[in-house]
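# Architecture and fold: a report
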Amino acid sequence: MASLIKKCECSTTKAGRTLNLRKTDDRKTAERTWGKCAHAWVVRYRLGGRGTKQQEQSFPHDMKRDAEAFILEIKSDKVSGLRRTIDPKAGAITCADYADRWLSGRVGLSARSREFYSSALRNQINPTLGHLRLNAVTRQTVKTFVSALIKGGYAPNTVHSAFTIVSAIFSEAVKDKLIPESPCTDIELPSTAQRQEFLVPSWTQIKKLADSMPARWAATVWLMAGCGLRVSEAFAVAEGCVMFGGRRLRIHEQVTRKRVLGPLKHREEGDYRDMPLPPFVHAAVATHIDTHGTAEGYLFQAARGGGRVRYDSYRVAFAAAAKAAGLPEDFTPHGLRHAYASMQLAQGIPITDVSRWLGHQDIGITFRTYGHLVDEAWDRALDVMEAAYQTGISTEAASAVC
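Residues numbered from 1 in each chain as written. Predicted model: local features only at pLDDT ≥ 70, side-chain atom pairs only at ≥ 80, totals over all residues. Heavy atoms only, no water.

This paragraph deals with the overall build of the protein. Summing up its helical and strand segments, the protein has 16 helices and eight strands in all. Scored against the burial criterion, the 402 residues of the protein give a buried share of 38%. When the accessible surface of the protein is summed, it comes to about 23100 Å², and 51% of that surface belongs to carbon and sulfur atoms. (Helix = DSSP H or I, 4+ residues; strand = E, 2+ residues; numbered from the N terminus. Buried < 20%, exposed > 50% of the residue type's maximum accessible area, 1.4 Å probe, protein only. Areas by Shrake-Rupley, 256 points an atom, 1.4 Å probe, with all protein chains shown as cover.)

Here it is in structure tokens:
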């Protein structure tokens, strides 16, 4: 089923004639010569039985043991009644080329998800794995890849996302019979359950931040701080998002980095999310509409030429306003979303509700990010239960006396 030979002419030249490798003496003569010459070993084998195409796999001269182990693997498959179905040459495609094939074959993937995958491949995955052959990536290679991301300063969530994509790519390669098994098994990843501390600005600082922003964008600050919107969601707020007499805000799209409208994060096209609309945020939205109007119903536009807000321009304006409000240099628009969640939980609002209003994919994300803030409500919960107990006991005692 499999044989180990060399295709060089060294043994033929030494013997002075063409050797017949099926004869024992000629075979021994060839093997003595092959052991000394530096040409590659060649394993000849068939993926199926007789009549199927013969395959060849080369091994460097100093890797004879690997070649013999390859033969034993083929024979083991025969003994166990299996047929070897993985062609070693099939996995010679580079990881970058196969990743492109994998991504293009993802049917039904949203534009935002496709953009996210492309960015991860371009920035985190291909620089380390892209040039490698698919069948050359080992479990140790993947472990080294993860370590490099951690040492490069990437956040745990980013490392998890990159690894998930790599794992999906290799799982698909196994299904395509390009490699026998995925190298992405039992890989240790950094914990994402680390406690996170947030700066919660005072309402005076938030007002100063909004007042220091360009007037056309000031209301975005109140939407993020008062409703917990992502900055991309705030950019896409329209007049029709205000519902139920100004008591509820409904959003169903966001502005992508390419300045086009897209579905909400973790949501399909047409999905929406509702959240309470505090009166002060409603007032800020109404004032903005009265002062600046709308463009096809949408509140916010770019500083020049109209169209969707430019992220770079907004980030520069926000940084200047944050400095004027006395906030640290690293305070970003996302900090207002953190402040919203922190203030809600500190007031005893159930984390299940906060998670839904924030639009998290699952409540586990909310617990990992803000779970430690729930502890701050414990003392108040104890006071409430104690007060209820004392009231109940007093009422029963008074009834007994009467």
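That shown, we press on.
Now for the nonpolar core. Counting 51 residues, the largest nonpolar core has Leu209, Leu223, Leu229, Leu249, Tyr314, Phe318 and Leu336 as the members making the most contacts within it. Those elements that place two or more of their residues in this core are helix 8 (203-212), helix 9 (218-227), helix 10 (231-235), strand 5 (248-251), helix 11 (279-292), helix 12 (311-324), helix 13 (333-346) and helix 14 (351-358). If one sorts the elements of this core by residue count, helix 9 sits on top with seven residues. Apart from residues no more than four positions distant in its own chain, phenylalanine 318 is found in contact with Leu209, Met213, Phe331, Thr332, Pro333 and Leu336. Membership of the second largest hydrophobic core comes to 30 residues, among which are Ile93, Ala99, Ala162 and Ile169. (Core = buried A, V, L, I, M, F, W, Y, C linked by side-chain atoms within 4.5 Å. Contact = heavy atoms within 4.5 Å.)

The subject of this paragraph is helix 13. Helix length check: helix 13, at 14 residues, gives a terminal C-alpha distance of 21 Å against a target of 20 Å (1.5 Å per residue), a fit within 8%. Most of helix 13 sits out of view: eleven of its 14 residues are buried. Turning to helix 13, its buried residues are Pro333, Gly335, Leu336, Arg337, His338, Ala339, Tyr340, Ala341, Ser342, Gln344 and Leu345. Remark: glycine 348 follows helix 13 within two positions and exhibits a positive phi of approximately 85°. (Expected span 1.5 Å × (residues − 1).)

Applying the stated rule across the entire model yields twelve aromatic pairs. Centroid distance tryptophan 102 to tyrosine 117: 5.8 Å. Interplanar angle 45°. Geometry classified as tilted. Highlighted residues: tryptophan 102 in helix 4 (residues 95-104) and tyrosine 117 in helix 5 (residues 111-130), separated in sequence by 15 residues. With centroids separated by 5.8 Å and ring planes inclined at 80°, the aromatic side chains of tryptophan 222 and phenylalanine 280 adopt a geometry described as edge-to-face. Taken as a pair, tryptophan 222 in helix 9 and phenylalanine 280 in helix 11 lie far apart in primary sequence, 58 residues in all. Accessibility expressed as a relative area gives 17% for tryptophan 222, which makes it buried. An aromatic cluster of three or more residues is present, and its members are Trp217, Phe235, Tyr311, Tyr314, Phe318 and Phe331. Taking the ring centre of tyrosine 272 as reference, the NZ or CZ of arginine 250 above it sits at 4.0 Å. Arginine 308 extends its terminal NZ or CZ atom over the ring of tyrosine 298, reaching a point 4.5 Å from the ring centre. (Phe/Tyr/Trp six-rings, centres within 6.5 Å; stacked < 30°, edge-to-face > 60°. Lys NZ or Arg CZ within 6 Å of the ring centre and 35° of its normal.)

Right, let's talk about the sheet that holds strand 8 (residues 273-276) for a bit. Read from one edge of the open sheet, three strands run 4-5-8, paired in antiparallel fashion. Edge strands, defined here as strands with exactly one partner in the open sheet, are strand 4 (242-243) and strand 8. Across two bridges, the pairing between strand 4 and strand 5 is antiparallel. Across the sheet, residue methionine 243 finds its bridge partner in strand 5, namely arginine 248. (Pairing = 2+ DSSP bridges.)

Between side chains of opposite charge, a pair can form as their charged atoms come close. Inspection of every chain in the model, using the stated rule, returns ten salt bridges. In this structure, glutamate 56 engages arginine 44 in a salt bridge whose closest nitrogen and oxygen atoms are separated by 3.1 Å. Of the two residues, glutamate 56 sits in strand 3 (residues 54-59) while arginine 44 sits in strand 2 (residues 41-46), which places them twelve residues apart along the sequence. Residue arginine 44 is classed as partly exposed on the basis of its relative accessible area, which comes to 28%. (Salt bridge = Lys/Arg side-chain N within 4 Å of Asp/Glu carboxyl O.)

Read from one edge to the other, the open sheet built from three strands follows the order 1-2-3, with strand pairing classed as antiparallel. At either margin of the open sheet sits one strand with a lone partner, and together these are strand 1 (2-5) and strand 3. Pairwise comparison of adjacent strand axes, ignoring direction, gives a mean angle of 20° for this sheet. Examined bridge by bridge, strand 1 and strand 2 share four bridges and lie antiparallel to one another. Each residue of the ladder has a partner; that of leucine 4, found in strand 2, is valine 43. (Axes fitted to C-alpha atoms, helices over the stretch in contact; angles between N-to-C directions.)

Packed helices, taken two at a time, are described by the angle between their axes plus the distance between the axes. Across the interface, helix 6 (residues 139-151) lies against helix 7 (residues 156-175) with an axial gap of 10 Å and an inter-helix angle of 155°. As judged from the angle between their axes, helix 6 and helix 7 are roughly antiparallel. Regarding helix 6 and helix 7, the two cross each other, and that crossing is right-handed. For the pair helix 6 and helix 7, contact is made by Val142, Phe145, Val146, Leu149 and Ile150 and by Val159, Ala162, Phe163 and Val166, respectively. Within the contact of helix 6 with helix 7, the residues separate by chemical class into nine nonpolar, no polar and no charged. (Parallel < 35°, antiparallel > 145°, perpendicular 65-115°, else oblique. Left-handed = near helix turned anticlockwise from the far one by under 90°. Nonpolar A, V, L, I, M, F, W, Y, C, P; charged D, E, K, R; others polar.)

By the element assignment, lysine 208 lies in helix 8. By relative accessible area, which is 41% here, lysine 208 ends up partly exposed. The spatial distance from the C-alpha of lysine 208 to the C-alpha of alanine 321 is 7.9 Å, given a sequence separation of 113 residues. Leave out the neighbours within four places in its chain, and lysine 208 touches Ala324 and Ala325.

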